[in-house]
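Results of the structural survey
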Amino acid sequence: MQKRTLGKSKLEVSALGLGCMGLSHAYGPATDTPRAVSLIRAAVDRGVTFFDTAELYGPFLNEEVVGEALAPVRDQVVIATKFGFTFGDEDHPYALDSRPEHIRWAVEGSLKRLRTDVIDLLYQHRVDPNVPIEDVAGTVKDLIAEGKVKHFGLSEAGVQTIRRAHAVQPVTAVQNEYSLWWREPEAELLPALEQLGIGLVAFSPLGKGFLTGAITAGTTFDSNDFRSTVPRFSPEALQANQALVELLGYIADDKEATRAQIVLAWLLAQKPWIVPIPGTTKLHRLEENLGATAVQLTDEDLARIDDALRQVKIQGDRYPAVMQAQVGR
Ligand SMILES: NC(=O)c1ccc[n+]([C@@H]2O[C@H](COP(=O)([O-])OP(=O)(O)OC[C@H]3O[C@@H](n4cnc5c(N)ncnc54)[C@H](OP(=O)(O)O)[C@@H]3O)[C@@H](O)[C@H]2O)c1
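Quick caveat: nothing in here was measured; it's all calculated off a predicted structure.

Once that is clear, we can look at the site of the ligand. Tyr27, Asp52, Leu206, Thr280 and Lys282 are the nearest of the 31 residues found near the ligand. With the chains in place, 93% of the 900 Å² that the ligand exposes on its own is no longer accessible.

Okay, here's the thing in structure tokens:
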């Protein structure tokens, strides 16, 4: 597997990482732990060295699964996790909390669950408007000095917040949604990251599965599948957005690749410091997705993809309103 480097501190990771969230969180029932562990280990065997989890995923279960899976190869892989929430009851499942004492508490829990003495990349999951970002960056700086964390990251933070954080503790990577149907990061975020020398970890690179063609206008989602609440996955939006899937299908056929591979290869072609982290619970899809690193898109291919995107107006917000309010701060 080819490698990429994130940030000026040159964190080296496989060109594609594995997003582990869906094994325990957001997309229906959790995968049984032995099967999840074996999927993660299959990724290691195929050259993946970059694994993404968060305290929130489960909560807690996903870190435990990732910790168990990677313990035998701990020194060969990069584990990224995230803090920033406090957890309540069913009615109030989680709330933002990036107070320094809470970050420290979260990190102790993550270290235990991940069965490690150091977190390679620690992100703030969402910006907490009640805690100055300087205090967050300062806390992570202290954790780095104490040897508990190696690199600092932010997720879905606004550009001004990134600059302020970076001035206190250099940011190695920002994790944001970025894909063929969510290109907003191109306006302000990518230029800022390029200027500051910060890597981008692209989450939901397959459009939460939609861009692969596996989800059709008639697909329905369980009530415990987060997509059942996402406007972009409403029946009307799915119907309207199929046009993009269809156009991607023609391009994939011409390249003798799958849509998932085209979509990931497109991300890899944008900047050498972008690392997509597709998620899957299935071995055959893991192998398919990793095949994207062998797909070379020419300038003509990229122009054709741009052209396809111009023909389709994507319908539906990418998040429900309450989650949308937490991004870009
Ligand atoms: N920082 C954040 O706020 C944030 C937010 C969301 C996600 N993330 C991270 O980003 C990672 C990836 O994002 P994501 O899981 O939201 O979305 P994604 O990677 O775009 O899509 C995952 C979905 O696509 C399906 N899929 C995967 N490969 C496929 C293929 N080749 N063909 C057809 N379907 C395929 C998966 O289903 P199967 O399991 O059935 O294959 C799953 O439902 C997460 O695991 C998480 O680590 C971070």
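Let us look at the packing of aromatic side chains. A complete count under the given rule lists 8 aromatic pairs for this structure. Measuring from centroid to centroid gives 6.4 Å for Phe210 and Phe233, while their planes differ by 90 degrees, and the two rings are edge-to-face. Within this pair, whereas Phe210 is found in the loop between β11 (199-203) and α7 (235-254), its partner Phe233 is found in the loop between β11 and α7, the two being separated by 23 residues in sequence. Each ring, one from Phe226 and one from Tyr319, has its centre 6.2 Å from the other, and the planes form 55 degrees; the classification is tilted. In this pair, Phe226 is assigned in the loop between β11 and α7 and Tyr319 in the loop between α10 (299-311) and α11 (321-324), connecting sequence segments 93 residues apart. With a relative accessible area of 17%, Phe226 lands in the buried category. Of the residues examined, Tyr319 reaches a relative accessible area of 5% and is grouped as buried. Sitting over the ring of Trp181, Arg232 keeps its end group 4.9 Å from the ring centre.

Another aspect to go through is the pairing of strand β9 (residues 149-155). Within β9, 6 of the 7 residues are buried, which leaves it mostly tucked inside the rest of the structure. Strand direction decides the pairing type here: strand β8 (residues 119-124) and β9, joined by 5 bridges, are parallel. Bridging across to β9, Gln124 finds its partner in Leu154. As for the winding sense of the linkage, the β-α-β connection from β8 through helix α4 (residues 133-145) to β9 is right-handed. Where β9 lies against strand β10 (residues 171-177), 4 bridges are found, and the strand directions are parallel.

Calculation notes
- Residues numbered from 1 in each chain as written.
- Predicted model: local features only at pLDDT ≥ 70, side-chain atom pairs only at ≥ 80, totals over all residues.
- Heavy atoms only, no water.
- Near = heavy atom within 4 Å.
- Areas by Shrake-Rupley, 256 points an atom, 1.4 Å probe, with all protein chains shown as cover.
- Phe/Tyr/Trp six-rings, centres within 6.5 Å; stacked < 30°, edge-to-face > 60°.
- Helix = DSSP H or I, 4+ residues; strand = E, 2+ residues; numbered from the N terminus.
- Buried < 20%, exposed > 50% of the residue type's maximum accessible area, 1.4 Å probe, protein only.
- Lys NZ or Arg CZ within 6 Å of the ring centre and 35° of its normal.
- Pairing = 2+ DSSP bridges.
- Right-handed = clockwise from strand over helix to strand, strands pointing away.

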